[in-house]
Amino acid sequence: MLNDGKAVDILCRNYETYYANWFCDGDKIEAKAQMLTKRGDGLDMDWSQLQLGYRLGMCAILALWVAWDCIWGLIAKGKSTIGSRPAFAVFRACGGLLLLQWFWGFSVFMWNRYRVNYIFLFDFNPRIVSTPVGIVKDAVDNTLLYMSLMLLYYKVRM
């Protein structure tokens, strides 16, 4: 009877041989390199994209709610419930700035995708430039705040 350590070594060598024959044309060195665990493998998941998607979904629901209130006010009362308020100009200006932030994030995403060196073109400091995902996360957070405040103002003032 072999001891357990030797049995495991034999099983590992057999597994490497099978993997090399099936996937690496018999090259055991390539097979060993492919079978090494890579950084990011395993249970350490990056939840940032799921959180971003969740927040984008909340933004979409709040945007539909605002649109619904606008349309329902036109149908029920014959006038816009949101557009007739005195604070509409303030919300419109903040919405314009928010839209600028969204377009900036989309532009940075496209420039990165097509490898345009916008950091050099605009003479930005490379140490403080945010990534496209960071810009979109900030835009999502600001949009959530904006839509929530807009709904709170117009629902309280009805």
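Keep in mind the model is a prediction, meaning the values are calculated, not measured. Each residue is numbered by its place in its chain's sequence as written, counting from 1. Where local features are concerned, this predicted model is filtered to residues with pLDDT of at least 70; where side-chain atom pairs are given and counted, the filter is 80 or more; whole-chain, interface and lining totals use all residues. Excluded from the side-chain calculations are hydrogens and water; all other atoms, namely the structure's heavy atoms, are used.

1. Overview of unusual backbone geometry
Thinking step 1. A positive phi is found at aspartate 25, a non-glycine position, where the angle reads about 55°.
Thinking step 2. Inspection of the secondary structure puts aspartate 25 in the loop between α1 (4–23) and α2 (28–35).
Thinking step 3. Phi at aspartate 123 is positive, roughly 60°, even though this residue is not glycine.
Thinking step 4. The helix count covers DSSP runs of H or I at least four residues long, the strand count covers runs of E at least two residues long, and both are numbered beginning at the N terminus. Looking at the element boundaries, aspartate 123 is found in the loop between α5 (118–121) and α6 (132–156).

2. Concerning the UniProt feature "transmembrane region" (unreviewed entry) in the chain
Thinking step 1. UniProt positions are given in the numbering used here, feature names are shortened, and annotations may be inferred rather than shown by experiment. Per the UniProt record, "transmembrane region" (unreviewed entry) is annotated on residues 52–75 and 87–111.
Thinking step 2. Overall, residues 52–75 shows 100% helix and 0% strand. The separation of its end C-alpha atoms is 34 Å.
Thinking step 3. In residues 87–111, the share of helix is 96% and the share of strand is 0%. The end C-alpha atoms are 36 Å apart.

3. Some thoughts on the packing of helix α4 (residues 88–113) against α6
Thinking step 1. Orientation is described by axes fitted as lines to C-alpha atoms, over the contacting stretch for helices, and by angles from 0 to 180 degrees between their N-to-C directions. Between α4 and α6, the shortest axis-to-axis distance is 9 Å and the interhelical angle comes to 160°. Relative to α6, the element α4 lies roughly antiparallel. Handedness of the crossing formed by α4 with α6: left-handed. Oblique is the label for any angle not covered by the other classes, which are roughly parallel (under 35 degrees), roughly antiparallel (over 145) and roughly perpendicular (65 to 115). In this scheme the crossing of two helices becomes right-handed for a clockwise turn of the near helix relative to the far one and left-handed for an anticlockwise turn of less than a right angle.

4. Quick look at the packing of aromatic side chains
Thinking step 1. Aromatic rings from Phe, Tyr and Trp, taking only the six-membered ring of Trp, are treated as a pair when their centres fall within 6.5 Å; an angle between ring planes under 30 degrees marks them as stacked, one over 60 as edge-to-face, and anything in between as tilted. Scanning all chains against the criterion turns up 13 aromatic pairs.
Thinking step 2. Ring geometry for tyrosine 18 against tryptophan 22: centres 5.9 Å apart, planes inclined by 15°, an arrangement best described as stacked. Of this pair, tyrosine 18 and tryptophan 22 both sit in helix α1, four residues apart, which is roughly one turn of that helix.
Thinking step 3. Between phenylalanine 91 and tyrosine 153, the aromatic rings sit 5.8 Å apart at their centres with planes inclined by 50°, giving tilted as the arrangement. Of this pair, phenylalanine 91 sits in helix α4 while tyrosine 153 sits in helix α6, placing them 62 residues apart in sequence.
Thinking step 4. Residue classification places phenylalanine 91 among the buried positions, given a relative accessible area of 12%.
Thinking step 5. A 1.4 Å probe rolled over the protein chains alone gives each residue an accessible area, and that area as a share of the maximum for its type sets the label: buried under 20%, exposed over 50%, partly exposed in between. You can call tyrosine 153 partly exposed: its relative accessible area is 23%.

5. Here we look at the pattern of salt bridges
Thinking step 1. Here, a salt bridge means any side-chain nitrogen of Lys or Arg that lies within 4 Å of a carboxyl oxygen of Asp or Glu. Summed over the entire model, instances satisfying the criterion amount to three salt bridges.
Thinking step 2. As a salt-bridge pair, glutamate 16 and lysine 32 come within 4.0 Å of each other at their nearest N and O atoms. In this pair, glutamate 16 is assigned in helix α1 and lysine 32 in helix α2, connecting sequence segments 16 residues apart.

6. Overview of the side chain of threonine 143
Thinking step 1. On the secondary structure map, threonine 143 appears in helix α6.
Thinking step 2. The exposure class assigned to threonine 143 is buried, which follows from its relative accessible area of 7%.
Thinking step 3. Should any heavy atoms of two residues lie within 4.5 Å, those residues are considered in contact. Among all residues touching threonine 143, those that are not within four sequence positions of it are Cys59, Leu98 and Trp102.

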